Amino acid sequence: MNESHPMRILFNQLANIKPYPAGVVEIPEILPGIAFFPGGTGLWKDSTISEWPPVPEGGVMILGHNFGSKDYYDKCCRKWRGDWLKSPTWRNLLKLLNLTGIQLNQCLFTNAYMGLRNDGQETGPFPGANDQRFKDECRTLFQIQVNIQKPRLILTLGQYIPDFISQTSDQLDRWEQYNGYFERLDSSPPGPIVDDVEFNMIPDFHTVLVALVHPSFRVANARNRVYNGKTGYDVEIDMVRDAMKLAKL
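Residues numbered from 1 in each chain as written. Predicted model: local features only at pLDDT ≥ 70, side-chain atom pairs only at ≥ 80, totals over all residues. Heavy atoms only, no water.

(A) Just the state of the cysteines, in detail. Following the criterion strictly, the structure yields zero disulfides and no others. Free of any disulfide, Cys 76 has its nearest neighbouring cysteine sulfur in Cys 77, separated by 6.9 Å. Counting only cysteine sulfurs, Cys 76 is the nearest neighbor of Cys 138, a cysteine outside any disulfide, at a range of 19 Å. Residue classification places Cys 138 among the buried residues on the basis of a relative accessible area of 1%. (Disulfide = S-S within 2.5 Å. Buried < 20%, exposed > 50% of the residue type's maximum accessible area, 1.4 Å probe, protein only.)

(B) Summary view of the side chain of His 65. Residue placement: His 65 occurs in the loop between strand 2 (60-64) and helix 2 (70-80). Residues contacting His 65, with those up to four places away along its chain left out, are Asn 111, Ala 112, Tyr 113, Arg 117, Gly 124, Pro 125, Phe 126, Leu 157, Tyr 160 and Ile 161. (Helix = DSSP H or I, 4+ residues; strand = E, 2+ residues; numbered from the N terminus. Contact = heavy atoms within 4.5 Å.)

(C) Summary view of the nonpolar core. Core analysis: the largest hydrophobic core is formed by 76 residues, its most contacted members being Ile 62, Phe 67, Leu 153, Leu 155 and Phe 199. Among the elements that take part in this core, helix 8 (residues 234-247) stands out by supplying seven residues, more than any other. Once residues lying within four places of it in the same chain are set aside, the contact partners of Leu 155 are Val 60, Met 61, Ile 62, Leu 63, Leu 97, Ile 102, Val 210, Leu 212 and Val 240. (Core = buried A, V, L, I, M, F, W, Y, C linked by side-chain atoms within 4.5 Å.)

(D) Quick peek at the sheet that holds strand 2. If you walk across this open sheet you meet the five strands as 3-2-5-7-6, and the pairing is mixed. The outermost strands of the open sheet, each flanked by one partner alone, are strand 3 (107-111) and strand 6 (193-197). When strand polarity is set aside, the average angle formed by the axes of neighbouring strands in this sheet is 20 degrees. Of the pairings in the sheet, the one linking strand 6 to strand 7 (residues 207-212) comprises three bridges and is antiparallel in character. Among the inter-strand pairings, Ile 193 is bridged to a residue of strand 7, identified as Val 210. Sheet contacts for helix 3 (residues 88-100): strand 2, strand 3, strand 5 (153-157) and strand 7; angle to strand 3, the most-contacted strand, approximately 145 degrees. (Pairing = 2+ DSSP bridges. Axes fitted to C-alpha atoms, helices over the stretch in contact; angles between N-to-C directions.)

(E) Expanded view of the pattern of salt bridges. Enumeration over the complete set of coordinates arrives at ten salt bridges. A salt bridge links Glu 3 to Arg 8, with the shortest nitrogen-to-oxygen separation between them at 3.8 Å. Linking Asp 163 and Lys 135 is a salt bridge whose minimum nitrogen-to-oxygen distance equals 2.8 Å. You can see Asp 163 sitting in helix 5 (residues 161-166) and its partner Lys 135 sitting in helix 4 (residues 132-149), a full 28 residues away along the chain. Ionic contacts of the salt-bridge type, sharing partners, join the residues Asp 186, Arg 218, Arg 225 and Glu 236 into one network. (Salt bridge = Lys/Arg side-chain N within 4 Å of Asp/Glu carboxyl O.)

(F) Representation of the side chain of Gln 145 in the model. For Gln 145, the location among the structural elements is in helix 4. Every residue in contact with Gln 145, bar those within four places of it in the chain, is listed here: Leu 10, Phe 37, Met 61, Leu 108, Thr 110, Asn 111 and Met 114.

(G) View of the environment of Ala 15. Inspection of the secondary structure assignment puts Ala 15 in the loop between helix 1 (6-12) and strand 1 (24-25). As for Ala 15 and Glu 26, which are separated by eleven residues in sequence, their C-alpha atoms are 8.8 Å apart.

(H) Structural context of helix 4. Helix length check: helix 4, at 18 residues, gives a terminal C-alpha distance of 26 Å against a target of 26 Å (1.5 Å per residue), a fit within 8%. All buried positions along helix 4 are accounted for by Phe 134, Lys 135, Cys 138, Arg 139, Leu 141, Phe 142, Gln 143, Gln 145, Val 146 and Gln 149. Looking at the packing, one finds that the buried side of helix 4 touches helix 1, strand 1, strand 2, strand 3, strand 5 and helix 5. Lys 150 sits one or two positions beyond helix 4 and adopts a positive phi of about 50 degrees. (Expected span 1.5 Å × (residues − 1).)

(I) Layout of unusual backbone geometry. Here the amide bond leading from Lys 18 into Pro 19 is cis, since omega sits at 0 degrees, within 30 degrees of zero. Tracing the backbone shows Pro 19 in the loop between helix 1 and strand 1. Note the cis peptide between Pro 189 and Pro 190, where omega equals 5 degrees. Here Pro 190 is to be found in the loop between helix 6 (182-187) and strand 6. We note that Arg 81 has phi near 70 degrees; this positive angle belongs to a residue other than glycine. Checked against the element boundaries, Arg 81 lands in the loop between helix 2 and helix 3. On the basis of relative accessibility, which here comes to 52%, the residue Arg 81 falls in the exposed class. Even without being a glycine, Asp 196 presents a positive backbone phi close to 60 degrees. Of note, Asp 196 is situated in strand 6.

This is the structure we're talking about:
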């Protein structure tokens, strides 16, 4: 049944981005539990059910950086069968989604960069980010995912995503110059929330984007965000709630 699922078809398309650049290896298979794509389906489901839920069309896309290292993937296989849901990333992300009222079954959890780090590192720039061909292929796959889900709202996680996503839409091109500095992004147009975004590969589809700090570093970094004249941890919650209104969620 799952072989014809859109996320299986998308996973099979990862073969098109080979060869992987130095420091990046392919993901062998989709993990059976809950996990960000491409490590898992990116869909929230009951762990006792083997059939994958449908892609939540018109929902929320949660766009992270990368799935992590080969060591982390192997640990997921041995210990959890999916992502470690008690990790800082998941703990803080689930809290944010709960506070804003976003339902987990509304979400597609995915990543900008495909493949796994081969060096054991879990944070920092992705090894393939300097390979222009690979980066462009990942941008194409991102837009394919958007076309599959047609999300009303996209939440980007972390400092590396504004640059990655800036080349996929004219409305986001100024995000490239912020180079991961949220204080610049917050104080300059178009700001942390961008409405009516149209992607280069998907004409006539529009969505709303919000640039958030990575949830694994939320305690350290979210306090510095500035929005509507306020600063502190709660402003990202305000950003998401306002973006939800724009997205009619």
